[in-house]
Amino acid sequence: MEYPARVITIAGSAAGGSAGIQADLKTFQELDVYGMSVVTAIVGRHPKTNKNVHPQTIEAIEAQFETAMKQVGMDALKTGMLFSKEVIEVVAGLIKESTIESVVIDPVMVGKMDSKLLKEDAIEAMKKRLIPLATIITPNIPEARFLLDDRPITNVEELKQAAIDLYELGSKFVLVKGGRLEGPAIDVLYDGQNLTLFEAPRIDTVNTSGAGCTYSAAIAAYLAKGTTVEKAVEQAKQFVTTAINHGFTYTEMVGPTYHASQRKYGDAFQIKVEKTN
Ligand SMILES: Nc1ncnc2c1ncn2[C@@H]1O[C@H](COP(=O)(O)OP(=O)(O)O)[C@@H](O)[C@H]1O
Ligand SMILES: Cc1ncc(COP(=O)(O)OP(=O)(O)O)c(N)n1
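Note that the structure is a prediction, hence the values are computed from the model and not measured.

Description of the packing of aromatic side chains
A complete count under the given rule lists three aromatic pairs for this structure. Ring centres of Y167 and Y190 lie 5.4 Å apart, and the angle between their planes is 80°; this geometry places the pair in the edge-to-face category. Highlighted residues: Y167 in the loop between α6 (156-166) and β7 (173-177) and Y190 in strand β8 (residues 185-190), separated in sequence by 23 residues. We classify Y167 as partly exposed; its relative accessible area is 26%.

Take a look at the structure:
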């Protein structure tokens, strides 16, 4: 029997199940890779204290990673919510000591429902310690803006320039997501030489909670299976677009993307891939 490729997510637990560790593990399962996790924080608002982020200790983070590494091993790793400078530094150390081939850094900062998922004083550590270790980083527009000293990004030309400038931080690939622009959902990939646009139709829905986590988890899953970065982005975008297309909600709040939709409905979107300059 051939065993599935192994992927670990180092991220926060999102109690509602749409984002974070929960979205990552659902995505791994759908894409038939063996999923593991390191929980960095538990996110859920307590009605009495109003506190919504409950960080885990460094010791707990290290222990989870060591356990997964010893019991299973890892072909790819992705990060999500890391919350503090201290956690970023520890995670950077763990990646450096390992021989993991594919590292996807999703520089999660603020959730769509405004949870603060990264402390402001952690951005420098993200730029200097973690991003240089990445195979690919996957910022959305607000995250790219934070990483580029508050430069606004309002159209595809600015999205492309952001990808070129973020490449200077040292990852092998940069994927800037343009889902918040108007018109088709266009993301830009840059590898230091080539700019590639990935375009999907815009889906008219508010139920996109966790779309970014799902996308980066799918990229990590495809990389773990040995797919090239460009193909991994294309297939992951197909997966997340289908998941957004079948997003739903149980309540009046913004709902999740539906991770099972490609398997259940099979309506994978054709992604337009265009090399540009
Ligand atoms: N309404 C939408 N329809 C289709 N694709 C979308 C939509 N919203 C976001 N996307 C895409 O979903 C993926 C994840 O986006 P996300 O991380 O939520 O950030 P952002 O939406 O800010 O780009 C990206 O490929 C983005 O282009
Ligand atoms: C615990 C946790 N991690 C990450 C996120 C952000 O998820 P993302 O997919 O970037 O998008 P939204 O959830 O903001 O739509 C989160 N909310 N919680």
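Still to come is the rest of the account.
Some remarks on the site of ligand 1
In the vicinity of ligand 1, 16 residues are found, and the nearest of them are K177, G179, R180, D187 and I203. One of the backbone N or O atoms of G212 is found 3.5 Å from an oxygen atom in ligand 1. For ligand 1, whose free accessible area comes to 520 Å², the fraction covered by protein is 96%. With three residues, helix α7 (residues 211-224) is the largest single contributor of residues to the shell around ligand 1.

Some points on the pairing of β7
Taking burial as the measure, the five residues of β7 include five buried ones, the bulk of the element. By the alternation rule, side chains of β7 split into F173, L175 and K177 and V174 and V176, which are all buried. Both strand β6 (residues 136-137) and β7 contribute to a ladder of two bridges, which runs parallel. For I137, the partnering residue across the bridge sits in β7 and is V174. Here β7 pairs with β8 via four bridges, running antiparallel. For V174, the partnering residue across the bridge sits in β8 and is Y190.

Some points on the packing of α7 against helix α8 (residues 229-245)
Relative orientation of the contacting elements α7 and α8 amounts to 140°, with a least axis distance of 8 Å. The orientation of α7 relative to α8 falls into the category oblique. Where α7 crosses over α8, the two elements pack in a sense that is right-handed. Across from A211, T214, Y215, A218, I219, Y222 and L223 in α7, the residues of α8 making contact are V229, A232, V233, Q235, A236, K237, F239, V240 and I244. Each residue belonging to the contact of α7 with α8 can be placed in one class, and the counts come to 13 nonpolar, two polar and one charged.

Conventions and cut-offs
Once a new chain begins, its residue numbering starts again from 1 and follows that chain's sequence as written. Chain A is the first chain written and ligand 1 is the first ligand written, with later ones labelled in order. Side-chain atom pairs in this predicted model are given and counted only at pLDDT of 80 or more, local residue features only at pLDDT of at least 70, and totals for whole chains, interfaces and linings cover all residues. Calculation of side-chain values draws on the structure's entire complement of heavy atoms; hydrogens and water are dropped beforehand. Aromatic rings from Phe, Tyr and Trp, taking only the six-membered ring of Trp, are treated as a pair when their centres fall within 6.5 Å; an angle between ring planes under 30 degrees marks them as stacked, one over 60 as edge-to-face, and anything in between as tilted. Here a helix means four or more residues in a row that DSSP labels H or I, a strand means two or more in a row labelled E, and each is numbered from the N terminus. Burial classes follow relative accessibility: with a 1.4 Å probe on protein chains only, a residue under 20% of its type's maximum area counts as buried, one over 50% as exposed, and anything between as partly exposed. Whether a residue is near a molecule or strand is decided by its heavy atoms; if any one of them lies within 4 Å of it, the residue is near. N or O atoms closer than or at 3.5 Å make up a polar contact, with two conditions inside protein: a donor-capable atom paired with an acceptor-capable one, and, for residues adjacent in sequence, both atoms drawn from side chains. All accessibility values rest on the Shrake-Rupley procedure with a 1.4 Å probe; residue burial counts only the protein chains present in the view. Note: two strands are recorded as paired if DSSP finds a minimum of 2 bridges between them. Comment: axis = line fitted to C-alpha atoms, over the contacting stretch for helices; angle = value between 0 and 180 degrees taken between N-to-C directions. Roughly parallel means an angle under 35 degrees; roughly antiparallel, over 145; roughly perpendicular, 65 to 115; everything else is oblique. A crossing counts as left-handed when the near helix is turned anticlockwise from the far one by less than a right angle, and as right-handed when that turn is clockwise. What makes two residues a contact is simply this: any of their non-hydrogen atoms within 4.5 Å. When residue character is reported, Ala, Val, Leu, Ile, Met, Phe, Trp, Tyr, Cys and Pro are called nonpolar, Asp, Glu, Lys and Arg charged, and the others, Gly included, polar.

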